[in-house]
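For reference, the chains in residue letters:
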Amino acid sequence: MTEAIKKKIIAVCDDKIEKKGSNVGLSFYAFFANKNDNPKLLLEVAQWWIMEHKLDHFEKALKIKALAQEIDSLD
């Protein structure tokens, strides 16, 4: 996964946690616009979320942030 999407995942999690508290949940769609303008990246994040980590549709932002911080950048 690229460093750019890793940073975006962490930033979105931080924003949601700040606005809604530490118990807030989100789905991997939270990192994308409401249009499919980058299907390759969407599939990459879906692969990471669903296949690699076997996460549910909604997960706690704190959990996702911790997993994203563990990603080794491929850039």
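As the structure is a computational prediction, the values presented were derived from the model and not from experiment.

S.K.: Quick question: what am I supposed to make of the side chain of Lys6 here?
M.R.: Secondary-structure assignment places Lys6 in helix H1 (residues 3–20). There is no salt bridge for the buried Lys6, and the closest opposite charge comes from Glu3, which lies 4.3 Å off by N-O distance. In terms of polar contacts, Lys6 uses its side chain to reach the backbone carbonyl oxygen of Ile71, at 3.1 Å. Here Lys6 is in contact with Ala68, Gln69 and Ile71, once residues within four sequence places are set aside.

S.K.: Can you help me understand the nonpolar core in this one?
M.R.: Among soluble globular proteins, nonpolar side chains are generally buried collectively. By size, the foremost hydrophobic cluster in this structure holds 24 residues, and its most contacted members are Ile9, Leu26, Phe31, Trp48, Trp49 and Ile64. For this core, the elements supplying multiple residues, two or more each, are H1, helix H2 (39–52) and helix H3 (61–69). If we ignore the near neighbours within four places in the chain, the residues touching Trp49 are Leu26, Ser27, Phe28, Phe31, Lys54, Leu55, Asp56, His57, Glu59 and Ile64.

S.K.: Explain H3 to me, please; I cannot follow it from the model alone.
M.R.: Owing to its 3.6 residues per turn, the α-helix brings residues three or four apart onto one side. Listed as buried for H3 are Ala61, Ile64, Leu67 and Ala68. Buried residues of H3, seen end-on, are gathered within an arc of 125° and therefore sit on one face of the element. Tucked inside the fold, the buried residues of H3 contact H1, strand E1 (25–26), H2 and strand E2 (59–60).

S.K.: I keep staring at the pattern of salt bridges and nothing clicks. Help me out?
M.R.: Opposite charge on two side chains allows them to pair when their charged atoms are near. Tallied over the entire structure, the rule returns three salt bridges. A salt bridge links Asp15 to Lys19; the nearest nitrogen and oxygen atoms lie 3.3 Å apart. With Asp15 and Lys19 both in helix H1, this residue pair falls four residues apart, about one helical turn. Ionic pairing is found between Lys63 and Glu59, a salt bridge with its closest N-O pair at 3.4 Å. Note on Lys63: relative accessible area 42%, which makes it partly exposed.

S.K.: Would you mind going over the environment of Lys40 with me for this structure?
M.R.: Along the chain, Lys40 turns up in helix H2. Classification of Lys40 by relative accessible area gives exposed; the value is 68%. Residues Lys40 and Lys8, spaced 32 residues apart in sequence, show a C-alpha to C-alpha distance of 16 Å.

Thresholds, definitions, all that
Residues numbered from 1 in each chain as written. Predicted model: local features only at pLDDT ≥ 70, side-chain atom pairs only at ≥ 80, totals over all residues. Heavy atoms only, no water. Helix = DSSP H or I, 4+ residues; strand = E, 2+ residues; numbered from the N terminus. Buried < 20%, exposed > 50% of the residue type's maximum accessible area, 1.4 Å probe, protein only. Lys, Arg positive; Asp, Glu negative; His and termini not counted. Salt bridge = Lys/Arg side-chain N within 4 Å of Asp/Glu carboxyl O. Polar contact = N/O pair within 3.5 Å; in protein donor to acceptor, adjacent residues only side chain to side chain. Contact = heavy atoms within 4.5 Å. Core = buried A, V, L, I, M, F, W, Y, C linked by side-chain atoms within 4.5 Å. Arc of directions from axis to C-beta.

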